[in-house]
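Per-entry structural report
So you can see what is in the structure, the chains are spelled out below.
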2 protein chains.
Amino acid sequence: MNVINIRGSARAVPNKVKYSSEIDCELGKEEGFVAKKTGIETRYFNTDGTAAELAATAIRQALINAEMAYADLDVIIAASGTPQQIIPCNASLIAEQFLAEKHNIPCFDVNATCLSFISAFEVAAAFLETGKFKNILVVSAESGDGALNKGHYESYALIGNAAAAYILSNDSDRGQRFEVIDTKMCTYAEFSHAAEIRAGGSALYLAEKTNKEDYYFDMNGIALMKAMLKNMPDYMDDFLAKNNIKMQDVNHFVPHQASGPGINILAKALKIPKARIVNIIRDYGNTIAAAIPFAFDYLLEQESVASGDYVMLIGTGAGVSIGTILLRKV
Amino acid sequence: MNVINIRGSARAVPNKVKYSSEIDCELGKEEGFVAKKTGIETRYFNTDGTAAELAATAIRQALINAEMAYADLDVIIAASGTPQQIIPCNASLIAEQFLAEKHNIPCFDVNATCLSFISAFEVAAAFLETGKFKNILVVSAESGDGALNKGHYESYALIGNAAAAYILSNDSDRGQRFEVIDTKMCTYAEFSHAAEIRAGGSALYLAEKTNKEDYYFDMNGIALMKAMLKNMPDYMDDFLAKNNIKMQDVNHFVPHQASGPGINILAKALKIPKARIVNIIRDYGNTIAAAIPFAFDYLLEQESVASGDYVMLIGTGAGVSIGTILLRKV
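What you are looking at is a predicted structure, and each value in this text was computed from that prediction instead of being measured.

**Some thoughts on the domain arrangement of chain A**
Residues and elements named next belong to chain A. In terms of domain boundaries, chain A breaks down into domain 1 (3–176) and domain 2 (178–329). Its C-alpha centre places domain 1 at a distance of 16 Å from the equivalent point of domain 2. Both sides of the domain 1 and domain 2 interface together cover about 4,000 Å² of buried area, and 66% of this is carbon and sulfur. Counting across the domain 1 and domain 2 interface gives 2 salt bridges. Linking domain 1 to domain 2 there are 18 residue pairs in polar contact (both at pLDDT 80 or more). Of all elements in the fold, only β1 (3–12), α2 (33–38), β3 (42–45), α5 (116–130), β6 (135–142), α6 (153–156) and β7 (162–169) reach the threshold of two or more residues within the side of domain 1 that touches domain 2. Class assignment for the residues of the side of domain 1 that touches domain 2 results in 24 nonpolar, 19 polar and 7 charged.

See below:
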């Protein structure tokens, strides 16, 4: 079985905090409305910086935590749900933050919207197993507030900016080692328009006649919930049976931090005790693809994962996809 | 050494052909100007269809060629250089074309702009080697004409739409088998703004003050050439030395179809005899990430690759990256 070493990880948020009470005010709602509806009290925004700059902050700290240098990295996989520019890929723009290091490595993006880290981790695990790369940087960074529609408080109040960086290695001399029990993703494309930004890509690029709403993030919360409740039980039953494990055997759950109610519904659907769930939605909001690796880093920092413990990363993302990583601490 | 089986592949272009003579006319140039400057006579455009629909056409033909059904696929990796929508990923929108098949599989994108197929192939090869997936669909589809700036004939006249689909498998019973000798990519991020679309992502999303030019593809041909000429010699020397092979041992070259002059300069820089180069730029233009897999499918269809032949896929892409796949026909 494949064992990978998290040599170092770190997370970052930008400086500007935005309180739910401010959003209450903007939306003309009574104080406490947004916090109650979303479960979120604060989220952070980039006012000047880019997603790549936020990524670089997380990467520098992850390198310190790993006691490694940028020159030790073999590849950058950027695993964000939003592009910083349409061209080039996010990973190149992140590498641009490290030009002073004079270390040119391959850069590419993996994108499965909110589950990008799940897919990128799966890719990294395969590269480490085959020996293609030894030290892989996987980084998710989001600065997606420009696409938020003030008219839709459900999404407008949810999203925050954040970054999380991981240095994954097949060396065993330092860091936290995990057996990769299994990874799984499944996409239910009948719901591919339940959460979307319709414009900005080739389908509606600069279309003059396009409704401005098409450029905003648009989600149908009820359809997303339906997609999850319809598919999650079979998805998870198959996954658990394949790996001969029960839900109650899993010690730590790191769910996508979709929303307060979203995490609660997921927990209920999967019968996960709340005490086993990493839930930091209140303090950071939904940080798109950064949410899962950010919350996982938060868990790792607690040093509460004991040898032999099972950790499950799980989430749903636009597509609609469900994704899971099951790890066991060595 | 890892052997992969190209069970089936296919390519597709949309119906509308656009001749260089039409572009001469639009730009007010004498007849023959564009063809002479770009080496391109025709390119194809989607008038109504989406990139996902074009992808589906190529996928259906690839499945026929592979004598496989959609239900046999284990994962979709969309390897395009442009998004169809900002959310969700291209692979989900491609899967949406096959809802009638009632076959839900993982969908994610790999993006390294024009070299997306190189990175996706590398990912697929790792998954096949570890056994994570058995039958992998890698598909590149581009419909990027909306981002073209008529004011810049250098890029306006280059780009065309196309799709190419590959079913890669670790089964050995049918299809064309290749030993994956090596794959390599390297990104030179100092040139990350030499080819770009600055707006449309989080950096300049719906920025009212943004220059409209920021939404158009902008390339600095001289900087791109400089990036290539500066880095290609060392890149290729290292690659050849590592694999103990000489350039003259390679029987078939499939370069990124960047432009007529671009292919010629690459050939000159690497001392590749013209007869060994797949050059179909005249008939299709630069189809972004679809160009390399499209040209490779064209080569495979000729049945001119003999057992023992070396095939090199090579290109440069925005980032700026250089990427290579070296295969040997089993």
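Here the narrative resumes.
**Points about the interface of chain B and chain A**
In this complex, chain B contributes 64 residues to the contact, which on the side of chain A involves 64 residues. Both sides together, the interface formed by chain B and chain A hides about 5,400 Å², and carbon and sulfur atoms give 63% of it. Of all residues in chain B, the largest losses of buried area upon contact with chain A belong to Ile86, Ile87 and Tyr205 of chain B, amounting jointly to 12% of the total for that side. Joining chain B to chain A, the criterion identifies 4 salt bridges. The partner of Glu122 of chain B in a salt bridge is Lys132 of chain A, and the shortest N-O contact between them spans 3.7 Å. Viewed at the interface, chain A and chain B are joined by 26 residue pairs in polar contact (both at pLDDT 80 or more). At 7 residues, helix α5 (residues 116–130) of chain B tops the list of elements feeding residues into the side of chain B that touches chain A. When its residues are assigned to classes, the side of chain B that touches chain A shows 34 nonpolar, 19 polar and 11 charged.

**Structural notes on the relation of the copies chain B and chain A**
The relation between the two chain copies is a rotation about an axis coupled with a shift along that axis. Expressed as a screw operation, the relation of chain B to chain A combines 0.0 Å of axial shift with a rotation of 180°, fitting to an RMSD of 0.0 Å. Such values leave the two copies arranged in the relation of a two-fold axis. Every residue of chain B has its C-alpha some distance from the rotation axis, and the shortest such distance is that of Val110 of chain B, at 2.4 Å. In this assembly, 100% of the residues forming the interface of chain B have copies in chain A that are likewise at the interface, indicating an isologous arrangement.

**As for the nonpolar core**
Counting residues in each nonpolar core, the largest one holds 89 residues, and the members touching the most others are Ile77, Phe108 and Phe296 of chain A together with Ile77, Phe108 and Phe296 of chain B. Non-local contacts of Ile77 of chain B, meaning those with residues more than four positions away in its chain, are made with Phe108, Val110, Ala120, Val123, Phe127, Ile136, Leu137, Val138 and Val139 of chain B.

**What about the packing of aromatic side chains?**
The description of an aromatic ring pair uses the distance of the two centres, along with the angle that the planes make with each other. With the rule as written, the count across this model stands at 16 aromatic pairs over all chains. Among the aromatic residues, those joined into a cluster by ring pairs are Phe117, Phe121, Tyr166, Phe178 and Phe296 of chain A. The aromatic ring of Phe33 of chain A is capped on one face by Lys29 of chain A, whose charged end is 4.8 Å from the ring centroid. Cation over ring: Lys184 of chain B sits above Tyr235 of chain B, and NZ or CZ is 4.1 Å from the ring centre.

**Regarding the pairing of strand β12 (residues 310–317) of chain B**
Residues and elements named next belong to chain B. With 7 of its 8 residues buried, β12 lies for the most part within the structure. Summarising the sheet, strand β11 (residues 252–255) and β12 pair through 4 bridges and their orientation is parallel. Pairing of Pro255 across the sheet is with Ile314, part of β12. With 8 bridges connecting them, β12 and strand β13 (residues 321–329) associate as antiparallel partners. Opposite Gly315, over in β13, you have Gly323 as the bridge partner. Between β12 and the antiparallel strand that follows it, β13, lie 3 residues; Gly319 among them carries a positive phi value of about 150°.

Here is what the cut-offs are and how they apply
Residues numbered from 1 in each chain as written. Chains lettered and ligands numbered in written order. Predicted model: local features only at pLDDT ≥ 70, side-chain atom pairs only at ≥ 80, totals over all residues. Heavy atoms only, no water. Domains from an automatic or database assignment. Buried area = accessible area lost by both parts, 1.4 Å probe. Salt bridge = Lys/Arg side-chain N within 4 Å of Asp/Glu carboxyl O. Polar contact = N/O pair within 3.5 Å; in protein donor to acceptor, adjacent residues only side chain to side chain. Helix = DSSP H or I, 4+ residues; strand = E, 2+ residues; numbered from the N terminus. Nonpolar A, V, L, I, M, F, W, Y, C, P; charged D, E, K, R; others polar. Contact = heavy atoms within 4.5 Å. Least-squares fit on C-alpha atoms with pLDDT ≥ 70 in both. Core = buried A, V, L, I, M, F, W, Y, C linked by side-chain atoms within 4.5 Å. Buried < 20%, exposed > 50% of the residue type's maximum accessible area, 1.4 Å probe, protein only. Phe/Tyr/Trp six-rings, centres within 6.5 Å; stacked < 30°, edge-to-face > 60°. Lys NZ or Arg CZ within 6 Å of the ring centre and 35° of its normal. Pairing = 2+ DSSP bridges.

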